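Residues per chain, in single letters:
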Amino acid sequence: MSKPLDQSRMDKIVSLAKRRGFIFPSSEIYGGLNGFWDYGPLGVTLKRNLKDAWWHDMVAGHDELAAPAGAPAPYEMAGLDCTIIMHPQVWKCSGHFDLSNDWMIDCRESKRRYRYDHLTGRWAAHRDKRTFVTTDASGDDVPAELAARAQKFFGLRAKQVDEIAWEGEPTPLPAAVAAGVTLADSLGPDASAPGSLTAPREFNLMFETRIGAVAGGDDDRAFLRPETAQGIFVNFKNVLDTSRVRVPFGICQIGKSFRNEITPRNFTFRSREFEQMEIEFFCRPADSAAWYRYWRDRRWRWYLDLGLTASRLRLREHDRDELSHYSCGTADIEYAFPFLAAGEFGELEGIAHRGDFDLRSHMEGKLVRRDGDLVVETGADGKPRHRGSGKDLSYFDDVSRERYVPHVIEPSAGADRAVLAFLCDAYHEDEVPDEDGKPRSRTVMKLHPRLAPVKAAILPLVKKDGMPELAGELYRSLKRQMTCQYDEKGSVGRRYARQDEAGTPWCLTVDGQSLADRTLTLRDRDSLVQERVPLDEVPGLLRDRLT
Ligand code: GAP
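Every chain's residues receive numbers from 1 upward, in the order its sequence appears when written. Predicted model: local features are reported for residues with pLDDT of at least 70 only, side-chain atom pairs are reported and counted for 80 or more only, and whole-chain, interface and lining totals are derived from all residues. Each side-chain value is derived from all of the structure's non-hydrogen atoms; neither hydrogens nor water enter the calculation.

A. Structural context of the packing of helix H2 (residues 41–60) against helix H10 (residues 415–426). At a minimum axis distance of 10 Å, the contact between H2 and H10 shows a crossing angle of 110°. In terms of orientation, H2 and H10 fall into the roughly perpendicular class. Remark: the crossing between H2 and H10 carries right-handed chirality. Residue-level contacts link Leu46, Lys47, Leu50 and Lys51 of H2 to Ala415, Asp416, Ala418, Val419, Phe422 and Leu423 of H10. Note on residue classes: Ala, Val, Leu, Ile, Met, Phe, Trp, Tyr, Cys and Pro are nonpolar, Asp, Glu, Lys and Arg are charged, and everything else, Gly too, is polar. In terms of residue class, the contact of H2 with H10 is built from 7 nonpolar, no polar and 3 charged. With axes taken as lines fitted to C-alpha atoms, and helix axes fitted only over the stretch in contact, angles between N-to-C directions fall between 0 and 180 degrees. A run of H or I in DSSP becomes a helix once it reaches four residues, and a run of E becomes a strand once it reaches two; helices and strands are each numbered from the N terminus. The cut-offs work like this: below 35 degrees is roughly parallel, past 145 is roughly antiparallel, 65 to 115 is roughly perpendicular, and the gaps in between are oblique. Should the near helix be turned anticlockwise from the far one by less than a right angle, the crossing is left-handed, and should it be turned clockwise, the crossing is right-handed. In what follows, residue pairs with any heavy atoms lying within 4.5 Å of each other are defined as contacts.

The following block contains the structure:
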């Protein structure tokens, strides 16, 4: 396996997330459920702040009267909230239903599940024993992993490794099986004896359910949506007809999506239930390349403006051979998560130019590319394999008198992945002077104030002499405007430490002087600067700093 960049850092982040109530394993008292996570009191507010920031910056706060910097023209934005279960035909036309999904393979012995195409193997022999050793390692790690697996299987000491006779080169398991290797001869990546791998089977990423009380027939089969995007496409005409928007415009949605991921992993990074924040932006085909560039750059800047470290972010344009058959361009915004090997990045958001694929699919039926053109896929009888709605989803521009099917630019972000990136980025360890001026190590979450779950903590220095009363007065007036906490338990140093771990940007300490002149100390989480400010000016001061 490649060495993670900083696994111990990741372990500390996961532990802090649990300890401070950001993220818990789902159903933990029953042992948890792989790929499902719950957000605790701090986590739910962090995630809500992130989604609110996205909604404000993309939809509610958008100024449609002027073109924002870099935009080809002014444009409108509208919001939507669609159901998780939709008409099954939606997934047939979108391509999700037929998607030849990943093939998976189970190990009966270790009870582990692998992506078939992720396994690599090689024949190894020692004395009278011979087996096809496999590993799920990748890249440069494969030879070392295969050697380690073979050494263990043959029961050899390290100095005997050279006695292993290798045949052929490391080969992906599907290719090896096609060339005659049997699974009965194959030693699974975590098995002690060959023959424990099951035959590969197709794995549909969509969770299936049944509609109605009488379950059983094929007609009541339904699916939990694997993306929020399709709800937007099938409502394109509804939004157009009811909100007076004109092309170019975008429709935005935040909501849950579900994918039965084969190998959920890396904390919340690959979950089976997660939230997406998606925009489908509809534009004139001739302008679509310019809009694609605008949205790619705009979304990139959003993460930077919310404080993600630039050197850990990467904007990666897909190569032509990586693009979906309908796409004229796709870029991923990626983050160097600490659980990844040095130099590796994980996807936060994809920005895709999707052409007219989606609207045409829902009009005409499931499309495929043939000789460079998108055409309706037909069955053996020559009829459409999956019929579209037959509804006209074209757009008539009453100024230019043109009719066309708009092209779509899709910035598609994951709320949970973004929360994870912001948590990882915020995690810092440093030293601060304690009450006696001695250095004390601290863990601090340097979250952007817009994202921080608690904006300010109000701390009476001692629990007497009228300080709790004055602090309580401030708490009540500040609480009307922002999330804040009142804390009078423990030494002030311990209370600062608690707030630093929660990512609270400002601590407000009411002391003896406060009683005399209604001022208090405002401590900044990152600079540790303490200023003396009038208590009555605090709400206005913090409001200004939050915007
Ligand atoms: N409509 C396009 C679409 O769904 P995607 O790249 O499959 O595209 C978009 O997903 C975003 O959703 C990803 O960039 C990621 O942030 C998030 N996402 C996808 N699968 C996820 C999973 N299993 N767990 C957490 N987030 C996921």
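Okay, back to it.
B. How the structure looks around the sheet that holds strand E17 (residues 346–355). Here the rule is simple: two strands pair whenever DSSP picks up at least two bridges between them. Read across the sheet, 7 strands follow the order E3-E13-E14-E22-E17-E16-E15 without closing on themselves; strand pairing throughout is mixed. Each edge of the open sheet carries a strand with a single partner, namely strand E3 (76–79) and strand E15 (313–317). Averaged over all adjacent pairs, the angle separating strand axes in this sheet is 20°, with direction ignored. Note: strand E13 (residues 249–258) against strand E14 (residues 273–283), 10 bridges, orientation antiparallel. The partner of Ile251 across the bridge, within E14, is Glu280. Along the sheet, helix H7 (residues 236–243) makes contact with E3, E13 and E14, crossing E13 at roughly 135°. Set on the sheet, helix H8 (residues 288–305) makes contact with E3, E14, E15, strand E16 (329–335), E17 and strand E22 (407–414); between it and E17 the angle comes to about 165°.

C. Molecular detail of the site of the ligand. Each residue is tested against the molecule or strand, and it is near if at least one of its non-hydrogen atoms lies within 4 Å. The full set close to the ligand counts 18 residues, and Glu227, Arg259, Glu261, Glu278 and Glu347 are the nearest of them. Arg259 has a polar side-chain atom sitting 2.8 Å from an oxygen atom of the ligand. We call two N or O atoms a polar contact when they sit within 3.5 Å, provided that within protein one can donate a hydrogen and the other can accept it, with sequence-adjacent residues counted only if both atoms are side-chain atoms. One nitrogen or oxygen atom from the side chain of Glu347 is found 2.6 Å from an oxygen atom belonging to the ligand. Protein contact buries 88% of the 550 Å² of open area that the ligand shows by itself. For the shell around the ligand, the elements supplying multiple residues, two or more each, are E14, E17 and E22. It is E17 that provides the largest number of residues to the shell around the ligand, a total of 4 residues. Class assignment for the residues of the shell around the ligand results in 4 nonpolar, 5 polar and 9 charged. To be clear on the numbers: accessible area is Shrake-Rupley with a 1.4 Å probe, and residue cover counts the displayed protein chains and nothing else.

D. Here's a closer look at the pattern of salt bridges. By definition here, a salt bridge exists when the distance from a side-chain nitrogen of Lys or Arg to a carboxyl oxygen of Asp or Glu is within 4 Å. Applying the stated rule across the entire model yields 45 salt bridges. With a shortest N-O distance of 2.7 Å, Glu334 and Arg314 are connected by a salt bridge. A residue pair is termed long-range when its members are at least 10 positions apart, and Glu334 in strand E16 and Arg314 in strand E15 qualify at 20 residues. Buried residues are those whose accessible area, probed at 1.4 Å on protein chains only, stays under 20% of the maximum for their type, while exposed residues exceed 50% and partly exposed ones sit between those limits. Since its relative accessible area comes to 5%, Glu334 is described here as buried. As a salt-bridge pair, Arg316 and Asp332 come within 3.5 Å of each other at their nearest N and O atoms. With Arg316 in strand E15 and Asp332 in strand E16, the pair connects residues that are 16 residues apart, well separated along the chain. Judged by relative accessible area, Arg316 falls into the partly exposed class, the value being 23%. Members of the salt-bridge network, linked through shared partners, are Lys47, Lys51, Glu275 and Asp416.

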